[in-house]
Amino acid sequence: MQMTVARIGRAHGLRGEVALDLRTDSPAERFAVGAVLATVPATAGPLTVAATREQHGRWFVTFEQVVDRSAAEALRGVEIVAEQDETDEDDAWYPHELAGLRAEHVDGTLLGEIIGLEHLPAHDSLVLREPSGARTLVPFVRAIVPVVDVPGGRVVIDPPGGLLASDAANLVVSDETRGEPADED
């Protein structure tokens, strides 16, 4: 099965270089010079890596088929895909493995269904569709999602008060989150 390893971002400079939004832990291997990469949509590729560089934690790539800024801008949003690798990591899941899992509260109550995964700057978030139809982003961190049981078809969620749409009445709001100065004694 093919998995997204990067999404092509904005053009950088005038000679066809693009920024990458990475979805892989091994960009140096995936984007080695000479690598031929499949794309979604397939009509955008295949793309052959001509040069790569990293700057301030951001990856930039030049492809042999892309010679100017206009061609680079046309690739914006294209996904670079590769065959799924087997992993030995206990806490590594692909988005397609998570979609469709039943979401349960730590007390066993049904919270809804996981419908996706969003890659956000701070951390990934599970997309939960609650029984009411509400869509809630759940931070995909061990403190909130202590159990991911793909073979069992479920995830266990321990949400803080107010995280879920169904629990909005229990939202914990402090003076700090309201923007008010704290009382000083």
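What you are looking at is a predicted structure, and each value in this text was computed from that prediction instead of being measured.

The rules behind these values
- Residues numbered from 1 in each chain as written.
- Predicted model: local features only at pLDDT ≥ 70, side-chain atom pairs only at ≥ 80, totals over all residues.
- Heavy atoms only, no water.
- Helix = DSSP H or I, 4+ residues; strand = E, 2+ residues; numbered from the N terminus.
- Buried < 20%, exposed > 50% of the residue type's maximum accessible area, 1.4 Å probe, protein only.
- Contact = heavy atoms within 4.5 Å.
- Areas by Shrake-Rupley, 256 points an atom, 1.4 Å probe, with all protein chains shown as cover.
- Core = buried A, V, L, I, M, F, W, Y, C linked by side-chain atoms within 4.5 Å.
- Pairing = 2+ DSSP bridges.

Colleague: Before we move on, can you summarise the overall build of the chain with the specific residues and values?
Modeller: Of regular secondary structure, the chain possesses four helices and twelve strands. Within the chain, buried positions represent 33% of all 185 residues. Considering only contacts within the chain whose residues lie at least 6 apart along the sequence, 45% involve residues at least 24 apart. Summing over all exposed atoms, the chain offers an accessible surface of approximately 11,000 Å²; the carbon and sulfur share of this is 50%.

Colleague: Go over the nonpolar core with me, naming the residues and quoting the values.
Modeller: A general trend in soluble globular proteins is that nonpolar side chains are found buried together. Formed by 19 residues in total, the largest nonpolar core has its most connected members in I8, L20, F31, L37, F63, L75 and I80. Listed by contribution, the elements that provide at least two residues to this core are β1 (2–12), β2 (17–22), β4 (47–55), β5 (58–63) and β6 (79–83). With four residues, the single largest contributor to this core is β1. When near neighbours in sequence (up to four residues on either side) are disregarded, L37 contacts R30, F31, P46, L47, V49, F63 and I80.

Colleague: Kindly report on the environment of I114, identifying the contributing residues and their values.
Modeller: Checked against the element boundaries, I114 lands in strand β8 (residues 110–119). Taking C-alpha positions, I114 is 8.8 Å from R154, a pair spaced 40 residues apart along the chain. In contact with I114, not counting residues within four places along its chain, are L98, A99, G100, L101, A103, L126, V127, L128 and V155.

Colleague: Can you lay out the pairing of β4 for me, pointing to particular residues and giving the numbers?
Modeller: Both strand β3 (residues 36–40) and β4 contribute to a ladder of two bridges, which runs antiparallel. If you follow L37 over to β4, its bridge partner there is L47. As consecutive antiparallel partners, β3 and β4 are separated by six residues. Bridging between β4 and β5 involves six bridges; their strand directions are antiparallel. By the bridge assignment, A51 is partnered in β5 with T62. Following β4, the chain reverses through two residues before pairing antiparallel with β5; H56 in that reversal takes a positive phi of roughly 55 degrees.

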